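Below, each chain spelled out in residue letters.
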Amino acid sequence: MRPAYLLKILDREYRSTAAGHHTPVMLWGPPGVGKSQMVAQIAERHKAPMIDIRLSQMEPSDLRGIPFRVDERVEWAVPSLLPDAARHGPSGILFLDEITSAPPSVSAAAYQLILDRRLGDYQVPEHWAIVAAGNRQGDRGVTYAMPAPLANRFSHFEVETHLDDWVTWAYSAGIDERVIGFLRFRPELLFDFDPAHNPVAFPSPRSWEFAHRALQKFQHDEDLLQGCLQACVGPAAGIELTAFVNSLEQMPDLDAIVRGESVPVPEEIDLQYAVAAALVGRAIRAREEGDGAAAIGHILTYAGRFRQREMGVMLVSDLHRALGNDLFSVPAFADWAQAVADVMLFD
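Residues numbered from 1 in each chain as written. Predicted model: local features only at pLDDT ≥ 70, side-chain atom pairs only at ≥ 80, totals over all residues. Heavy atoms only, no water.

Named according to an unreviewed UniProt entry, the chain is ATPase family protein associated with various cellular activities (AAA) originating from Thiorhodovibrio frisius.

Caption draft 1: Geometry of the domain arrangement of the chain. Under the domain assignment used here, the chain contains domain 1 (3–158) and domain 2 (163–345). Distance from the C-alpha centre of domain 1 to the C-alpha centre of domain 2: 36 Å. On the side of domain 2, 12 residues touch domain 1, which itself brings 11 residues to the contact. For the pair domain 1 and domain 2, the interface holds 0 salt bridges. (Domains from an automatic or database assignment. Contact = heavy atoms within 4.5 Å. Salt bridge = Lys/Arg side-chain N within 4 Å of Asp/Glu carboxyl O.)

Caption draft 2: Quick look at empty space enclosed by the protein. For the coordinates displayed, the defined rule picks out 1 cavity of 30 Å³ or more. Its boundaries defined by the atoms lining it, the largest cavity holds a volume of some 40 Å³. Secondary structure elements with two or more residues in the lining of the largest cavity: helix H1 (3–16), helix H2 (35–45) and strand S8 (127–134). Considering every element that reaches the lining of the largest cavity, the biggest residue donor is H1, with 3 residues. Partitioning the lining of the largest cavity into residue classes produces 7 nonpolar, no polar and 1 charged. (1 Å grid on protein atoms, 1.4 Å probe; cavity = no way out; pocket = protein on both sides within 12 Å on 5 of 7 lines; lining within 4 Å. Points joined across faces, edges and corners; volume = space filled by probe spheres on them. Helix = DSSP H or I, 4+ residues; strand = E, 2+ residues; numbered from the N terminus. Nonpolar A, V, L, I, M, F, W, Y, C, P; charged D, E, K, R; others polar.)

Caption draft 3: Region of the structure containing the packing of helix H7 (residues 163–173) against helix H15 (residues 309–323). Where H7 contacts H15, the axes come no closer than 9 Å and their chain directions differ by 55°. Relative to H15, the element H7 is oriented oblique. Taken as a pair, H7 and H15 cross one another with a handedness that is right-handed. In contact with Asp164, Val167, Thr168 and Tyr171 of H7, H15 contributes Asp318, Arg321 and Ala322. Residues that form the contact of H7 with H15 fall into these classes: 3 nonpolar, 1 polar and 3 charged. (Axes fitted to C-alpha atoms, helices over the stretch in contact; angles between N-to-C directions. Parallel < 35°, antiparallel > 145°, perpendicular 65-115°, else oblique. Left-handed = near helix turned anticlockwise from the far one by under 90°.)

Caption draft 4: Just the state of the cysteines, in detail. Overall, the coordinates contain 0 disulfides when judged by the stated rule. Cys232 supplies the cysteine sulfur nearest to Cys228, a cysteine that is in no disulfide, at a spacing of 7.2 Å. (Disulfide = S-S within 2.5 Å.)

Caption draft 5: View of the environment of Arg69. Residue position: Arg69 is located in strand S3 (residues 66–70). Among the polar contacts made by the side chain of Arg69, one reaches the main-chain carbonyl oxygen of Asp71 at a distance of 2.7 Å. Separated by 3.4 Å, the side chains of Arg69 and Glu72 make a polar contact. (Polar contact = N/O pair within 3.5 Å; in protein donor to acceptor, adjacent residues only side chain to side chain.)

Caption draft 6: Here's a closer look at helix H14 (residues 292–303). For H14, built from 12 residues, the straight-helix expectation of 16 Å at 1.5 Å per residue is met to within 8% by its first-to-last C-alpha distance of 16 Å. All buried positions along H14 are accounted for by Gly292, Ala295, Ile296, Gly297, Ile299, Leu300, Tyr302 and Ala303. Buried residues in H14 make contact with helix H12 (254–259), helix H13 (269–288), H15 and helix H16 (331–339). (Expected span 1.5 Å × (residues − 1). Buried < 20%, exposed > 50% of the residue type's maximum accessible area, 1.4 Å probe, protein only.)

What follows is the structure in structure tokens.
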């Protein structure tokens with residue numbers, strides 16, 4: 001399932017704890033597709049605490065607690081990492097990450113915690129959601145088969161990569177427009193992992209964020225840039241991104257476009273993708289600076305100049321993902337929409 005839909009499901013599951021309808025959720029997917037980040041987004045959206053427990057690093061006693069003697073009885077000390085309403089708050093998310101990498105003895109200790117929301121005398125607070133995540137057995141990670149009794153305690157969703165959803169996140173996270181433009185140009189490289197070859201560095205949503213950071217650090221050092229990008233996204237993708245970045249010296253004057261001047265659309269398709277991504281970034285910054293309507297209007301006018309109208313549609317679709325429905329109130333939007341009325345927009 002694509003991330004945009006999974007975010008809605010996770011949001012609904014979190015809010016359903018108030019009515020007692022929550023079902024623990026299991027997210028399956030290869031490394032680097034953003035499973036843990038989606039859970040963190042929901043916690044941040046609701047200003048709720050998230051307790052991230054990496055089960056692969058746990059012993060059974062880390063969950064169950066340790067025994068101690070009280071008179072003639074044995075009681076258990078509850079681990080401080082488990083949610084506590086007094087310390088952590090009345091609602092939140094208990095995130096059990098790397099659950100498929102946990103030894104069977106640890107996953108067995110999690111059975112009661114997940115289904116019955118308790119371990120011995122410990123009780124998970126009523127309004128805390130439970131979400132788990134793990135890699136599939138074919139992903140070349142350290143994984144164990146999930147026992148049927150544990151699997152039956154979850155609703156299961158497989159995380160897919162989806163470029164439009166990643167682009168929406170990337171603009172909101174301030175990812176370099178050159179990386180966004182490159183992936184619009186080469187969408188198949190958003191996630192390219194072949195477990196049969198077990199690569200060390202490979203393209204994934206996570207590693208493209210690393211490439212964004214590498215660009216900020218090494219963009220002015222030609223001797224280091226390519227090697228650092230390859231270290232993030234793999235040898236082939238790193239070379240392609242370096243070539244793409246270097247080609248942007250031929251970019252048209254973006255400031256002139258934003259000012260409304262007549263600027264030719266480049267003929268090269270890779271430059272068109274780069275221009276489109278860069279203009280969305282300019283629109284975001286213009287809105288933040290309080291002069292968004294005029295700048296966005298000029299960008300919409302420029303979008304209508306692309307010879308391939310689908311390219312203009314892609315630009316405006318990304319504008320909508322980044323700016324929301326405020327885009328529709330810009331006067332130039334109606335003119336642009338009228339000009340491309342016969343071109344279908346897909347979300």
